[in-house]
Amino acid sequence: MPTTVWLDGQWLDRDSAAVSVFDHGLLYGDGVFEGIRVYGGAAFRLQEHLERLYDSAQAIWLTIPMPIGEMTALTEEAVRRSGLDDAYIRHIITRGVGDLGLDPRKCPAPTVIIIVDGIRLWPAEVYERGLRVVTAGTPIPHREALSPRVKSLNYLPHILAKIEGIHAGADEVLMLDSGGSVAEGSGQNLFVVKKGILRTPPASAGILKGVTRDVVLELARDAGLPAEEVPLNRYDVYTADEAFFSGTAAEIVYIREVDGRVIGSGNAGTVTRDLARRFQQLVRPAAPRR
Ligand code: PMP
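No experiment lies behind these values; they were computed from the predicted model shown. (Residues numbered from 1 in each chain as written. Predicted model: local features only at pLDDT ≥ 70, side-chain atom pairs only at ≥ 80, totals over all residues. Heavy atoms only, no water.)

I'd like a description of the overall build of the protein, backed by residues and values.
Per the secondary structure count, the protein includes eight helices and 15 strands. Computed over C-alpha atoms, the radius of gyration of the protein comes to 19 Å, within 12% of the 19 Å expected from 2.2 N^0.38 for 290 residues, which places it in the range of a compact globule. Projected onto its principal axes, the C-alpha positions of the protein cover 55 × 45 × 30 Å. Evaluated residue by residue, the protein yields a buried proportion of 49% over its 290 residues. The long-range fraction of contacts in the protein, counting pairs at least 24 apart against all pairs at least 6 apart in sequence, stands at 69%. (Helix = DSSP H or I, 4+ residues; strand = E, 2+ residues; numbered from the N terminus. Rg over C-alpha atoms; globule rule 2.2 N^0.38 Å. Buried < 20%, exposed > 50% of the residue type's maximum accessible area, 1.4 Å probe, protein only. Contact = heavy atoms within 4.5 Å.)

Structure follows, in structure tokens:
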């Protein structure tokens, strides 16, 4: 798959795109990012994703050196140049190139990167049989330390949780907050269904407020399905009739098992299947219905 990269004013390919070892994004994780899907050659929910990117930057005192309108046009051009119909866009804005101290004043200009490439989280059979999930011991960062609403380059807690899942032989992990409430997956938001009611933790739980999560809540509204944003604990997940993750890369993927408890029948439930079908109709309207 051809990769298209915009790096500080230049169009590059995968092999020639490289950043300085003095970039504070690399040295300190000082930066923000975004992940967006391309369906049928168009970036899905581009505006919402870019607003989150600019809000993330604002929250860490980082000024993206172009207005959002220019970033929108640049992103569309990156997709056009890639020639890809079904792809994934990654925006990365770092504090820029500085020296070995962490003082951001040493970084005169942010580094702006846009990558268009492919992404696949799990093989097709995992989507078919449902995810096996374990709860990770590593909690999401405390929201008063670094707000999980900021999509920052500090993903270590989520990566450590993911590694715990890999060691346990699971497909994905369930992350809790430091108080023990259910938060999210390593890169997805969680939904459960109980007696026909869809539930997901509220944004105030310290989760990343996923764009796909918002889409799922819209689809639920369209379907007349009652939905609540309420705190959840592990008991609510273990005893749910259905559970699934949502995310830009994951789309909607049902959860078969959490910590050894089979959720519902162990197959994708009717609500999950209906929402997944509505989601596919929205993003791939021309594709045959599953
Ligand atoms: N939580 C985390 C920690 C994530 O990294 C992501 C992926 N961006 C999500 C949730 C899902 O968000 P979205 O639907 O916007 O991709």
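From this point, the narrative continues.
Describe the side chain of threonine 4, listing the residues and the values that go with them.
Considering the arrangement of structural elements, one finds threonine 4 in strand 1 (residues 4-7). Discounting residues that sit within four places of it in the chain, threonine 4 has contacts with Trp11, Leu12, Ala78, Arg81, Ser82, Ile114, Ile115 and Val116.

Quick one: what's the story with the site of the ligand, residue by residue and with numbers?
Around the ligand, 16 residues are found, and the nearest of them are Lys151, Tyr155, Val211, Thr212 and Thr248. Here an oxygen atom of the ligand and a side-chain polar atom of threonine 248 are 2.6 Å apart. Here the ligand loses 95% of its free accessible area of 380 Å² to cover by the protein chains. Breaking the shell around the ligand down by element, the ones donating at least two residues are helix 2 (46-59) and helix 6 (211-222). (Near = heavy atom within 4 Å. Polar contact = N/O pair within 3.5 Å; in protein donor to acceptor, adjacent residues only side chain to side chain. Areas by Shrake-Rupley, 256 points an atom, 1.4 Å probe, with all protein chains shown as cover.)

I'd like to hear about the nonpolar core, residue by residue, with values.
Counting 25 residues, the largest nonpolar core has Val32, Ile64, Met71 and Ile93 as its most contacted members. Sorting the residues of this core by element identifies strand 3 (31-39), helix 2, helix 3 (68-82), strand 5 (87-94) and strand 6 (111-117) as the ones contributing at least two each. With five residues, helix 2 is the single largest residue contributor to this core. Grouped together as the second largest cluster of nonpolar side chains are 20 residues, Val126, Leu131, Leu176 and Leu232 included. (Core = buried A, V, L, I, M, F, W, Y, C linked by side-chain atoms within 4.5 Å.)

Break down the packing of aromatic side chains for me, with residues and values.
The final tally for this structure, using the stated rule, is six aromatic pairs. When the centroid spacing of 5.7 Å and the interplanar angle of 80° are considered together, the rings of tyrosine 39 and phenylalanine 44 count as edge-to-face. For the pair tyrosine 39 and phenylalanine 44, a shared accessibility class is recorded, and that class is buried. Their ring planes at 10° and their centres at 5.0 Å tell us that phenylalanine 191 and phenylalanine 244 sit as a pair that is stacked. (Phe/Tyr/Trp six-rings, centres within 6.5 Å; stacked < 30°, edge-to-face > 60°.)

Can you explain the sheet that holds strand 2 (residues 10-12)? Please cite residues and give values.
For sheets, the rule is that strands pair by backbone hydrogen bonds, running either parallel or antiparallel. Taken together, six strands build an open sheet; the order of strands is 2-1-6-5-3-4 and the sheet is antiparallel. Both edges of this open sheet fall to strand 2 and strand 4 (42-43), since each of them pairs with a single strand only. Along the sheet face, helix 2 touches strand 3, strand 4 and strand 5 and points at about 175° away from the line of strand 3. (Pairing = 2+ DSSP bridges. Axes fitted to C-alpha atoms, helices over the stretch in contact; angles between N-to-C directions.)

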